[in-house]
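So you can see what is in the structure, the chains are spelled out below.
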Amino acid sequence: MKKIVILYIHILCLISLIVGACRGHFSTDKEKSDNNMPPISPIATQESSSHQPRPYMGTVYYFVRGDSPSTSGVWRMNLANRQKVQVHEGWFSGVDAELSLDGRWLAYMSGKTDEQGKSLETLWLLNLTTGEVSQPTPYMPLVGWRWLPNGQLNYTLFPEYTQDELGLNPPDYGANIKNFYYDPVTNVRIEVPYSPPYLQDPEGEVCDIDPSPIDLTLVARTCLSISGERDQYLEIIHLNDDRHIMIAARFNGSSVWAPDGQALLFSNDDRAQSRELFIWESPTGDTRQITHTTEAYSFFDLTWSLDEKWAAFHEQDGRVCFVDLATGEINCVSGYRFPIGYKMSWSPDSRAFIIAAVKEGEPDPEGNDMYIISVPDGDVTRLTEDPSQFEYNPIWVR
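For the structure given in this document, a descriptive report is provided here. (Residues numbered from 1 in each chain as written. Predicted model: local features only at pLDDT ≥ 70, side-chain atom pairs only at ≥ 80, totals over all residues. Heavy atoms only, no water.)

### Considering the side chain of Ser350
Okay, so step 1: Along the polypeptide, Ser350 turns up in the loop between strand S27 (345-346) and strand S28 (352-359).
Okay, so step 2: Residue classification places Ser350 among the buried positions, given a relative accessible area of 3%.
Okay, so step 3: Of the polar contacts made by the side chain of Ser350, one reaches the backbone nitrogen of Leu306; its length is 3.2 Å.
Okay, so step 4: Here Asp307 takes part through its backbone nitrogen, which lies 2.9 Å from a polar atom of the side chain of Ser350.
Okay, so step 5: Leaving out residues up to four positions away in the same chain, Ser350 has contacts with Ser305, Leu306, Asp307, Trp310 and Val375. (Helix = DSSP H or I, 4+ residues; strand = E, 2+ residues; numbered from the N terminus. Buried < 20%, exposed > 50% of the residue type's maximum accessible area, 1.4 Å probe, protein only. Polar contact = N/O pair within 3.5 Å; in protein donor to acceptor, adjacent residues only side chain to side chain. Contact = heavy atoms within 4.5 Å.)

### Some words on the packing of aromatic side chains
Okay, so step 1: Summed over the entire model, instances satisfying the criterion amount to 16 aromatic pairs.
Okay, so step 2: Aromatic pair Trp310 and Phe322: ring centres 6.0 Å apart, planes at 70°, arrangement edge-to-face. With Trp310 in strand S23 (residues 310-314) and Phe322 in strand S24 (residues 320-324), this pair connects stretches of sequence that are twelve residues apart.
Okay, so step 3: Judged by relative accessible area, which is 0%, Phe322 ranks as buried.
Okay, so step 4: For the pair Trp346 and Phe353, a centre-to-centre distance of 5.0 Å together with 55° between the ring planes defines the contact as tilted.
Okay, so step 5: Among the aromatic residues, those joined into a cluster by ring pairs are Phe63, Phe92, Tyr108, Trp124, Phe390 and Tyr392.
Okay, so step 6: Between the NZ or CZ atom of Arg65 and the centre of the ring of Phe390, over which it lies, the distance is 4.5 Å.
Okay, so step 7: For the cation-ring pair, Arg65 lies above Tyr392, with the distance from its terminal atom to the ring centre recorded as 5.6 Å. (Phe/Tyr/Trp six-rings, centres within 6.5 Å; stacked < 30°, edge-to-face > 60°. Lys NZ or Arg CZ within 6 Å of the ring centre and 35° of its normal.)

Structure, rendered in structure tokens:
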């Protein structure tokens, strides 16, 4: 009988230790409400020691703005040993840098000002296999670009300052846009038609388009009325039959396609002074609500994990947060300033994402270093610590 009592006591102690550890790992802002809304949990972050870093594998490309062009440009880091090397020297903008869908190429941009003081841009391509760099476009006003599923690069030029070179008619807006498909393997460039109505609506609305990365028949379009007569809205366009589906009548401008191109994650004003996350699914056309928040979130710079189970985003107060898309639970990392507008990039196994940030309390507020944040525990691992370099937009190679 005495042995049974002792065993029972040991079991109770073990249970209390487990419960206490779980409770101490996350701290919630508010308890779950009566209607089972997902909890919002800021994480008590603890940066991994530089002597015992968490083991991460793979390769990261990132952009550096240093003291001179020789210390700036595109850099590569081997996460296993933290060794880094400069792969393209110069001043570049990595804000719109994108990996090709097959992971073989990295596209990014640089700009310059012409003699008339007008801004011109060009694309650069980095071959991740050979390390060679090429320049597929001349310096012109660049509308945008995207990678196609077949490995080609689709880019659009608005050569309003170089009409003589391309023989364009300046008053004709449609003719003043040139759209190209470029094959980086064969170096073949083909001009293809462009559809201005998806950029400028004839009813006085300025629109921005975001094509699905996989399904070329799907386009997400965000439109804003020039006169202010209606709210900014988000719709899906089926290009094969020109169907328009309104999915957000009051859209705050944050959306991202799923890696498989069959769903769109977006935030919307669900009720007064509250934004929630939703997912629109292409196969069914259904929209489902993911979060039921008890505080106001901005959901800037949404980034979807490759396994489509998580999403990360910036907040206006400098936090970065991540959400479990199955439960709607949100956790936020504090103690750092994460600049809005810079990219986050998920690891190939979707267990962590890399981001540029400034640690609160450090003397150089202009410097950015790179950190890895793991999910779901929110553990923070510092990768770089160089006050002379401003590092941003890291990209984890798939």
